[in-house]
Amino acid sequence: MNILVCIKQVPGTNKVEVDPVTGVLKRDGVDSKMNPYDLYALETALRIKEEKGGNVKVLSMGPPQATKVIKEAYSMGADEGMLLSDRKFAGADVLATSYTISQGVRKSGDFDLIICGKQTTDGDTAQVGPEMAEYLGIPHVANVRKLIEVKDNSVVVEMDMPNTLEIIEVEFPALITVEKDIFEPRLPSYKKKMETENREIKVLSFKEFEDQDEKKYGLSGSPTQVERIFPPEVNSHREVWQGEGEKLAKNIASKLKELKFI
Ligand SMILES: Cc1cc2nc3c(=O)[nH]c(=O)nc-3n(C[C@H](O)[C@H](O)[C@H](O)COP(=O)(O)OP(=O)(O)OC[C@H]3O[C@@H](n4cnc5c(N)ncnc54)[C@H](O)[C@@H]3O)c2cc1C
């Protein structure tokens, strides 16, 4: 099985300041680490490989220093690593990040399964995995908390919804995003670290991508404008709607209008 794991380098502390003008995290000089949820994603991939055989590739999008998390993944057991890095990718919001990663995935081979963490500890949107899957035109399941069975052409997983658990089977190629505690991540091995010290990390830049429309990448491909960052209000109000897709879509549209989001 060919498995791809998306891993992101995030600040190693939650005391990162936000630029009051741009709304972007001030990352310079801040210690970094692998996004904790991505450790769970990598552990899931390694366990599938141990059971079914195959290859685990990790992919990160970020500045050159993001190779550090790829090396960490090597010392946990990943076979190959790739970094998507280019100044043209800087300032990307979720949409541009997902598009850039989907372009990188298209250039890096055929995968049966792509595994992402549920969310990051810095951007925290939990949208990159599902958006990437949409760009790649493959099915996806988010918030996977249990891997029930890996078959030759599909995977059966348990998805954690706010009030329910759902068991779903998706055919390959597919993407899942995993919850913490799906498996206990293994520690990096010193032996593997030494063995993989000089292992290649392939770097892909904008010029290698199929889509050469610069307006889809980085700041110019990012429609999001950060106006203010603040902790969300705690609110337990919830509405559950039943019905068919068209009726539910109308409900959502009128709710968004009522709340003045659109
Ligand atoms: C207007 C705007 C400007 C921004 N400018 C910057 C900027 O200049 N610099 C900057 O660093 N950030 C910037 N960001 C933040 C950036 O958009 C997010 O960090 C990025 O979109 C990923 O979203 P997330 O962290 O919420 O990922 P989530 O959706 O929470 O992540 C889910 C999973 O997707 C995968 N994933 C996410 N990101 C990556 C990645 N980069 N590589 C590999 N896998 C990944 C991981 O598996 C992760 O567990 C900006 C955001 C906005 C809105």
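Heads up: the structure comes first, above all this text.
Computed from a prediction, not measured in an experiment: that's the story for all the values here.

K.L.:
Please clarify how the state of the cysteines should be interpreted in this entry.
P.N.:
With the rule as written, the count across this model stands at 0 disulfides. The cysteine Cys6 is free of any disulfide, with Cys116 supplying the nearest cysteine sulfur at 3.9 Å. Residue Cys116 is classed as buried on the basis of its relative accessible area, which comes to 5%.

K.L.:
Honestly, the packing of aromatic side chains in this entry has me stumped. Any pointers?
P.N.:
Each pair of aromatic rings is reported with the distance of its centres and the angle of its planes. Tallying each qualifying case throughout the model produces 7 aromatic pairs. With a centroid separation of 5.9 Å and 40° between ring planes, the pair formed by Phe209 and Tyr217 is classed as tilted. By way of ring pairs, the aromatic residues Phe89, Tyr99, Tyr135, Phe206, Phe209 and Tyr217 are connected into one cluster. One cation-aromatic arrangement involves Arg199 over Tyr74; the distance from NZ or CZ to the ring centre is 4.9 Å.

K.L.:
Can you walk me through the site of the ligand in this structure?
P.N.:
The ligand sits among 30 residues. The nearest are Lys8, Asp38, Ala92, Thr120 and Thr125. Met61 is positioned such that a nitrogen or oxygen atom in its backbone is 2.9 Å from a nitrogen atom of the ligand. The contact in question runs from an oxygen atom of the ligand to an N or O atom on the backbone of Val94, over 3.4 Å. Residue composition of the shell around the ligand, grouped by class: 12 nonpolar, 11 polar and 7 charged.

K.L.:
I tried to follow the sheet that holds strand 8 (residues 154–160) on my own but got confused; where do I start?
P.N.:
Strand-to-strand pairing in sheets goes through backbone hydrogen bonds, with the strands running parallel or antiparallel. With mixed pairing, the 9 strands of this open sheet are ordered in space as 9-8-7-10-6-1-4-5-11. At either end of the open sheet lies a strand with only one pairing partner, and these are strand 9 (165–171) and strand 11 (202–204). Taken over all neighbouring pairs, the strand axes of this sheet differ in orientation by 35° on average, direction set aside. As paired elements, strand 7 (residues 140–150) and strand 10 (residues 174–178) share 3 bridges and run parallel to each other. Residue Val144 lies in a different strand from strand 10, and its bridge partner there is Val178. In the packing of helix 1 (residues 36–52) onto the sheet, the strands contacted are strand 1 (2–6), strand 4 (55–61), strand 6 (113–117), strand 7 and strand 10, and the crossing angle to strand 6 comes to about 150°. Along the sheet, helix 3 (residues 94–107) contacts strand 1, strand 4, strand 5 (80–84), strand 6 and strand 11; its crossing angle with strand 4, the most-contacted strand, is approximately 145°.

K.L.:
Help me out: how do you make sense of the nonpolar core in this one?
P.N.:
The nonpolar side chains of a soluble globular protein tend to be buried with one another. Residues Val5, Leu42, Leu113 and Ile115 are the most contacted members of the largest nonpolar core, which totals 38 residues. Sorting the residues of this core by element identifies strand 1, helix 1, strand 4, helix 2 (67–76), strand 6, strand 7, strand 8 and strand 10 as the ones contributing at least two each. The element best represented in this core is helix 1, accounting for 6 residues. Residues in contact with Val5, not counting those within four places in the same chain, are Asp38, Ala41, Leu42, Ala45, Val56, Lys57, Val58, Leu59 and Ile115. Listed in part, the 22 residues of the second largest apolar core include Leu4, Leu59, Met61 and Met132.

Conventions used here
- Residues numbered from 1 in each chain as written.
- Predicted model: local features only at pLDDT ≥ 70, side-chain atom pairs only at ≥ 80, totals over all residues.
- Heavy atoms only, no water.
- Disulfide = S-S within 2.5 Å.
- Buried < 20%, exposed > 50% of the residue type's maximum accessible area, 1.4 Å probe, protein only.
- Phe/Tyr/Trp six-rings, centres within 6.5 Å; stacked < 30°, edge-to-face > 60°.
- Lys NZ or Arg CZ within 6 Å of the ring centre and 35° of its normal.
- Near = heavy atom within 4 Å.
- Polar contact = N/O pair within 3.5 Å; in protein donor to acceptor, adjacent residues only side chain to side chain.
- Nonpolar A, V, L, I, M, F, W, Y, C, P; charged D, E, K, R; others polar.
- Pairing = 2+ DSSP bridges.
- Helix = DSSP H or I, 4+ residues; strand = E, 2+ residues; numbered from the N terminus.
- Axes fitted to C-alpha atoms, helices over the stretch in contact; angles between N-to-C directions.
- Contact = heavy atoms within 4.5 Å.
- Core = buried A, V, L, I, M, F, W, Y, C linked by side-chain atoms within 4.5 Å.

Everything listed is a geometric property; what it means functionally is a separate question.
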